[in-house]
Amino acid sequence: MNLDSALPGFIAESADLLRDMESALLECAGGMITPDTINLIFRSAHTIKGSAGLFGLDEIVSFVHVVETVLDGVRLNRTALSEQLISLFLSCKDHIQLLVDQVGSATAPNSDVSSLGEQLLDALRRITEEETAGDGPTGAGAVNSAAVSTADTSSDVAMKSVSADWHVSIRFAAGVLAAGMDPLGFIRYLRTFCELRAVRVIEDGLPGRDEFQPEECHVGFELDLRTTAERSRIEAAFEFVREDCVLQITEANPAPVPAAAIVGNSTTLPTAVAARQKSAVESAAVSATVRVDAAKLDYLITRIGELIIAATGVSLSARKTSNGELEERASTLTTLVEQVRESALQLRMVKIGGTFDRFKRVVHDVSKELGKEISLVVRGEDTELDKTVVEQIGDPLTHLVRNAIDHGIEPVEVRAARGKSAGGKITLNAYHDSGSIVIEVKDDGGGLKRDKILAKALEKGLIQEDRTLTDAEAFNLIFEPGFSTADSVTNLSGRGVGMDVVKRNITALRGSVGVTSVEGQGTTVVVRLPLTLAIINGFQVSIGKSSFVLPLDAIEECIEFPAENGHDFTNLRGRVLPFIRLRELVGSTEPAPRRPSIVVVKHAGERAGIVVDSLLGEFQTVIKPLGRMFRKVDYVSGSSILGTGEVALILDVPALVQQAIARARASAAA
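From a predicted model like this one, the values you see are computed outputs, not experimental measurements.

Draft legend 1. Focus on the overall build of the protein chain. Secondary structure summary: the protein chain contains 19 helices and 21 strands in total. Expressed as a percentage of the 670 residues in the protein chain, the buried residues total 43%. The long-range fraction of contacts in the protein chain, counting pairs at least 24 apart against all pairs at least 6 apart in sequence, stands at 71%. Counting only carbon and sulfur atoms, one obtains 51% of the accessible surface of the protein chain, whose full area is about 34300 Å².

Draft legend 2. Representation of the confidence of the model for the protein chain. For the protein chain, mean pLDDT is 81; residues scoring 70 or higher make up 85% of the total. Within the protein chain, strand 6 (residues 374-379) carries the highest mean pLDDT (93), whereas helix 8 (residues 259-262) carries the lowest (38). When the criterion is pLDDT under 50, residues 253-275 qualifies, and its contacts beyond four places in sequence or with other chains add up to 28 contacts. This stretch, residues 277-287, has a pLDDT under 50; its non-local contacts, to residues over four places away or in other chains, come to four contacts.

Draft legend 3. Examining the sheet that holds strand 12 (residues 535-543) more closely. Judged by pairing direction, the sheet is mixed, and its five strands sit side by side in the order 19-12-13-21-20 without closing on themselves. Unpaired on one side and paired on the other, strand 19 (614-622) and strand 20 (636-641) mark the two borders of the sheet. Direction aside, the axes of adjacent strands within the sheet are offset by 35° on average. Looking at chain direction, strand 13 (residues 546-551) and strand 21 (residues 647-651) are connected through two bridges and run parallel. Each residue of the ladder has a partner; that of valine 549, found in strand 21, is isoleucine 650. Against the sheet, helix 11 (residues 324-347) engages strand 12 and strand 19, with an angle of about 125° to strand 12.

Rules used in this analysis
- Residues numbered from 1 in each chain as written.
- Predicted model: local features only at pLDDT ≥ 70, side-chain atom pairs only at ≥ 80, totals over all residues.
- Heavy atoms only, no water.
- Helix = DSSP H or I, 4+ residues; strand = E, 2+ residues; numbered from the N terminus.
- Buried < 20%, exposed > 50% of the residue type's maximum accessible area, 1.4 Å probe, protein only.
- Contact = heavy atoms within 4.5 Å.
- Areas by Shrake-Rupley, 256 points an atom, 1.4 Å probe, with all protein chains shown as cover.
- pLDDT = per-residue confidence, 0-100.
- Pairing = 2+ DSSP bridges.
- Axes fitted to C-alpha atoms, helices over the stretch in contact; angles between N-to-C directions.

So this is what it looks like as structure tokens:
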């Protein structure tokens, strides 16, 4: 097995395990200390160390080994899991992540990282020394050792006082290579805590030339070891192949078991090995997931986008020929491309829960820094959206959460004076709405002070003194560059840098952000984002000879434009519908049609109409980013290539809805 090709798998697996470790530690910080949680933390560290040993990553192995030592003390009720120790374990988790990241980036060891590692190791060793000198833990932080699961008692960190000699006899199943394991990797890992005094390769299991299969393992090993570790630690070294090998470990270096007694011509052991191999194959067959490199997935989506454009062109050409058979085949092709497109986009959809989980740590660390009691409530963690959106929304959400902790939640004494509970609450919620994903960041803090915001806006010249603003307009002023109402500057906020960047980053994702707040009760920031940035179902309209695209999910209906002049609104079944004339926005000088249409669109619970010359129907839209020259063009969020090869602009529905409503209000006020 090529270990270099398997390294990305180790990095990805380590990231998952470290997330599990952090989540479990944060549960403990919240008072949910249970044997299962402690065992989960220990197993995560243990698995990372074992995998790192297979790749010869000695720095990771040695660091995690010390972490395991202290964790084992917690498991066995020798060390109390105090708040300070949880914080230390969280710092150790961060350091392990740094070490893994170094491996992934293939960079030279960083002296600052190494220095931090030594500081953490010193703190861990002091705990171990105190544990050895003391009589066991006391206090609420201790875990009941009687309740600790005995299923994972193979602590490979318990050391014997003197060295002992061991003999290890191992025979791997034939399919161990196909399962992704390197037999030599286990020997390299043993060298991290054992002295290898002798290694013998056993070849009597090799088949004849005609039966030999190069992708199968046919050799075994006889090893003589000297170590201070206990038998359980040697056994743990083979944990990943326990079901794919026959393992015998004996102490005091007795005479090795004859190879024939283990492999030979006996029908018993080979049958057992074959059964294990069959079990491994069956397990692989029912595996629910497979890791795919993100770059390969992005390339696939890009090619499918080009395929959609080509298929649309074929359909147009088929219709021009008036050939029924050709049109039918083109229709079949289009249907198949649509199915492939849907399947490919589903591959890029990931749950937002992974992003939400990171904020448990943010809330834990920042609330302690500020001396506040804050809990985090997460809802809608199974809501899915495009992985590219997930990757880019993390930083804006982090700022919103930190802002809620710093500005939103009041200090304990202030909350008590207002009759609130001592602990504040921040809620993260996600759900789908009209083809978009909505993410809410809500706090039960002091809320925004409208008068203070308006006073600051007047001071900075952002509004005129005689202007009347709605609550939404007033609160949205916090997204202006350099705007801040903080009384003092802290490490977290107060410099007026951040909220404008949040809005800019969300807008760059074709999203929008808004704020609602009630003074004394709390604030909710609502972020709306498209489900995907690659391919959408579009609806094509035109102004003269120019084509435009609207996201189909934002469209409610299409109606005939009424012959009313001088108004920016119309009556739609008893309700006022503000509208905006697209012809005026684009400055078209071509003759107007006799019967224009209104496309009724919706965004964030608001409805508006867009007056267009003609309706051209649905089609799959491949989103192309705008060039730098056109990024600041109003009411446009992207572009697409039509089947004819022409470029169509994708309209920005949120901006159009807001503009239509603003014009209608201005018209009504006049």
